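A structural walkthrough
Chain by chain, the residues run as shown.
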Amino acid sequence: MNDDVLIIGAGPAGMAAALALDTAGARVRVVEEQPAAGGQVYRAVQRVQRERPEQLPLYGPDYARGLDISRQFDAAGIEISYTTSVWDISVENGVPSIGLLQGDNATIEKPRHIILATGAMERPTPFPGWTLPGVMTVGAAQTLYKESALLPDSPPVIVGTGPLVYLFVKQMLDAGMKPALILDTGPKSVDMSCWGSLLSALSTDFSALYKGWSWLREINQAGIERITGINALKAHGRSSLQSIEYRHNGKTHQVSTDLLLAHDGVIPNNHLTMAAGCEQQWNKLQHYWQPICDDQGLSSQAGISLAGDCAGIKGAEAAQYSGRVVGWQVAAKLGLVDQLRYQQQTIQERKKLKRIAVIRKFLDQHYHPFDEFQTPKENDTTVCRCEQVSVAELREVAAMGCMGPNQAKAFTRCGMGPCMGRLCGNTVSQLFAKYHDKTVSEIGHYRIRPPVRPLTLKQLSNLDLGE
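Here the structure is a predicted model, which means the values were calculated and not measured.

Under the criterion given, the structure shown has seven aromatic pairs. Between the aromatic rings of Phe-127 and Phe-373, the centroid separation amounts to 5.8 Å while the plane-to-plane angle is 35°, which identifies the pairing as tilted. Highlighted residues: Phe-127 in the loop between strand 8 (120-122) and strand 9 (135-137) and Phe-373 in helix 12 (residues 371-374), separated in sequence by 246 residues. Neither residue differs from the other here; Phe-127 and Phe-373 are each classed as buried.

A cluster of nonpolar side chains, namely Phe-206, Tyr-210 and Trp-213, defines an oily patch on the protein surface of about 330 Å² accessible area. Its location among the elements puts Trp-213 in helix 8 (residues 206-221).

So, about the pairing of strand 19 (residues 288-291). Working note: regular strand, side chains alternate between the two faces of the sheet. Side chains of strand 19 alternate between two faces, with Tyr-288 and Gln-290 and Trp-289 and Pro-291 buried alike. Pairing geometry for strand 18 (residues 280-283) and strand 19, over four bridges, is antiparallel. Across the sheet, Trp-282 pairs through a bridge with Trp-289, a residue of strand 19. Counting the residues between successive antiparallel strands, the hairpin from strand 18 to strand 19 contains four residues, one of them, His-287, with a positive phi of roughly 60°.

With that settled, the discussion passes to the sheet that holds strand 7 (residues 113-116). Taken in spatial order, the five strands line up as 3-2-1-7-20 in an open sheet, and their pairing is parallel. On the outer flanks of this sheet lie strand 3 (79-81) and strand 20 (304-306), each paired with one strand and no other. On average, each strand axis in the sheet is tilted by 20° relative to the strand beside it, whichever way the strands run. Here helix 1 (residues 12-23) sits on the sheet and contacts strand 1 (5-8), strand 2 (28-31) and strand 7; the angle it forms with strand 1, its principal contact strand, is near 165°.

To continue, consider the pairing of strand 16 (residues 260-264). Extensive coverage of strand 16 is indicated by the burial of five of its five residues. Of the two faces of strand 16, the one carrying Leu-260, Ala-262 and Asp-264 and the one carrying Leu-261 and His-263 are both buried. Here three bridges tie strand 9 to strand 16, and the two strands are oriented parallel to one another. What sits directly across from Thr-137, in strand 16, is Ala-262. As defined by bridge partners, strand 10 (residues 157-161) adjoins strand 16 across five bridges and the pair is classed as parallel. By the bridge assignment for strand 16, Thr-161 is matched with Asp-264.

This next bit is on unusual backbone geometry. Leaving glycine out, the prevailing phi sign among residues is negative, and the prevailing peptide bond configuration is trans. Pro-451 follows Pro-450 through a cis peptide bond whose omega is -5°. Locating Pro-451 in the fold gives a position in the loop between helix 16 (440-443) and helix 17 (457-461). Within the chain, His-287 stands out as a residue other than glycine whose phi angle is a positive 60°. Here His-287 lies in the loop between strand 18 and strand 19. Positive phi outside glycine occurs at Asp-437, with the angle close to 55°. Positionally, Asp-437 belongs in the loop between helix 15 (425-436) and helix 16. The exposure class of Asp-437 is exposed, given its relative accessible area of 71%.

Moving on: the sheet that holds strand 4 (residues 85-92). An order of 4-5-6 is seen for the three strands of this open sheet, with the pairing classed as antiparallel. The open sheet has two free edges, formed respectively by strand 4 and strand 6 (105-109), since each of these has just one partner strand. The mean inter-strand angle of the sheet, taken between neighbouring strand axes irrespective of direction, is 10°. Pairing geometry for strand 5 (residues 95-102) and strand 6, over five bridges, is antiparallel.

Viewed as axis vectors pointing N to C, helix 1 and helix 10 (residues 316-333) meet at an angle of 30°, and their least axial separation amounts to 7 Å. One way to sum up the angle between helix 1 and helix 10 is to call them roughly parallel. Of the two elements, helix 1 crosses helix 10, and the hand of that crossing is right-handed. On the side of helix 1, the interface is formed by Pro-12, Ala-13, Ala-16, Ala-17, Ala-20, Leu-21 and Thr-23, while helix 10 contributes Ala-316, Ala-319, Gln-320, Gly-323, Arg-324, Gly-327, Trp-328, Val-330 and Ala-331. In terms of residue class, the contact of helix 1 with helix 10 is built from 11 nonpolar, four polar and one charged.

Enumeration according to the criterion identifies 21 salt bridges in this entry. Here Asp-184 and Arg-226 are joined by a salt bridge, their closest N and O atoms 3.5 Å apart. With a gap of 42 residues between them, Asp-184 in strand 11 (residues 181-184) and Arg-226 in strand 12 (residues 226-228) connect regions that are remote in the sequence. Each of the salt bridges in this network shares a partner with another, and the network as a whole consists of Asp-3, Arg-29, Glu-79 and Glu-109.

We now examine the domain arrangement of the protein. Annotation of the protein at the domain level lists domain 1 (5-122 + 267-363), domain 2 (135-264) and domain 3 (375-438). Computed from C-alpha atoms alone, the centre-to-centre distance between domain 2 and domain 3 is 28 Å.

Turning our attention to the side chain of Arg-29. With respect to the helices and strands, the residue Arg-29 is situated in strand 2. A polar atom in the side chain of Arg-29 sits 2.2 Å from the side chain of Glu-109. Excluding its chain neighbours within four sequence positions, the residues that come into contact with Arg-29 are Asp-3, Val-5, Leu-6, Ile-7, Glu-79, Ser-81, Leu-100 and Glu-109.

What counts, and where the lines are drawn
Residues numbered from 1 in each chain as written. Predicted model: local features only at pLDDT ≥ 70, side-chain atom pairs only at ≥ 80, totals over all residues. Heavy atoms only, no water. Phe/Tyr/Trp six-rings, centres within 6.5 Å; stacked < 30°, edge-to-face > 60°. Helix = DSSP H or I, 4+ residues; strand = E, 2+ residues; numbered from the N terminus. Buried < 20%, exposed > 50% of the residue type's maximum accessible area, 1.4 Å probe, protein only. Patch = residues over 30% accessible without salt bridge, like charges linked within 9 Å, V, L, I, M, F, W, Y side chains within 5 Å. Areas by Shrake-Rupley, 256 points an atom, 1.4 Å probe, with all protein chains shown as cover. Salt bridge = Lys/Arg side-chain N within 4 Å of Asp/Glu carboxyl O. Pairing = 2+ DSSP bridges. Axes fitted to C-alpha atoms, helices over the stretch in contact; angles between N-to-C directions. Contact = heavy atoms within 4.5 Å. Parallel < 35°, antiparallel > 145°, perpendicular 65-115°, else oblique. Left-handed = near helix turned anticlockwise from the far one by under 90°. Nonpolar A, V, L, I, M, F, W, Y, C, P; charged D, E, K, R; others polar. Domains from an automatic or database assignment. Polar contact = N/O pair within 3.5 Å; in protein donor to acceptor, adjacent residues only side chain to side chain.

What follows is the structure, encoded as C-alpha cells:
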C-alpha cells in the first residue's frame, strides 16, 4: 500500500510534520539519511542524554529541547527509514515520484504527497587555501562535538560571522576551551539601516536578542581577541594548514595555526527542490536561492510541500512550528481533515512564526554574507572542490561567451562531481552575474538532473521498478 505522505528529513520540521499527519490519521513515512532522528540541530541528542548525560548542558538549552520532540516522534511509532537517501524526485501530471536508496537497494515510489524537510546547510566559504587539510567549517566542528564529544586539540582560529559562530564559542568555553582568535567578517556595530528592524525585534522578543548579547559578553570576559572588519583572507600551507593571512585597517597580518574554522551563515538545503522543478527565487539580502511557496508550504509543484529551513532560513524553533503547519495543511489537502480543524490545530504555530519572522528580519540584515566569500577575487581560488575548478577557469569561459552555470559544466565539469553542485552552485551563479553585469536571477542556477547523487552499477541493477 502506498503512503499518503512521504517526508524527507527527520529534523525538527520533518518530525513535527510527521506527528501532525499521524494525529490526522495519515499513512506517513519518514526518510532520513542519518541513523537517528534530530537533523543537524538536534543531532544525536538522545544518544548524548543516554551515554553522556553530564555533557548535555554543555550544548545549551536549545539543543536539549530536541529531546522532547524526538521522544514524541519515537513514541508515536511512525514508520521511518534511516540511512536512506534520495536519488531522484520528479512530478509528472501532478503525481510526485521519488527514488530512494538504502544500501544496495534502489526503489521508485509514488506517495500521494511529498514533504521536503531537508533543512539548511552551511554557506560555502571559498577563499585561497580553503581546501587545505586543517580548514573546516564551524558547523562541521560542532557536529564532531555533538556526535563524539570531540573538540580541537589546540585552540583554533575562527573566521566568519553569524549566531552559530558565537554559539559554538560559547559551547567551547563551557567545555573549558578557548579559540586563539576570532576574525569577525561582520560589522563592528549595528548599522543605522538595521535600527528599525532591531527595534521591532527588541519589542517582539527581547530574550532572543539578549541571549546573543550574553554570548558576546561572556566571550569578551574570557579575554578572547575578536577583530572585526577583516578582509583578504588566505590560508597557507603545503600539505596542511600552517598559517593564515588577513588584512585589517589596511595592514596585512599573519597568524600561525593548524586549524581554521570558517562560517558565513546557513542557506536552504534546496538541492531536492531544484531537482523536483520547484520554482526558485534569488534572496538578494542573504544571497541564496530559495523555493517559492505559500504560507502553508505548498511549492509550485503539485504534490510537493516544503517545511522548515529548506523553504527559507528561519531557525530550529520556527522549523518545528513550520512542520506542524505544513503537516496539518497536507492532511487537509488530502481530505483527511477539514480546513476548520487545520486552522484550529495551527493557530498558535502561525502566530509564533510571525513573531520569529520579525527577529529573522533583523538577523538577516545585520549578518550579511561576506562579499569575498560570495565572489572570490583571487584567480587561484578553488570554486568547485570536486573537480578542482578555479575562479580563473570560470572567468575564462565567461570571456568566451559562456553565460551561466549550466553552460560552464560542458567546458569545466564544474558542478558535475560527487556533490552535484551543492557546494559551488551559488558561487558560480554569482561569479557569472558579476562578470556579465547581470542579476543572479538572470543568470540562473544549475539544472539538477537525476541521479541527484551518484549511483553504483549494483544499485542501478537492483532498482525495483514495481509495475
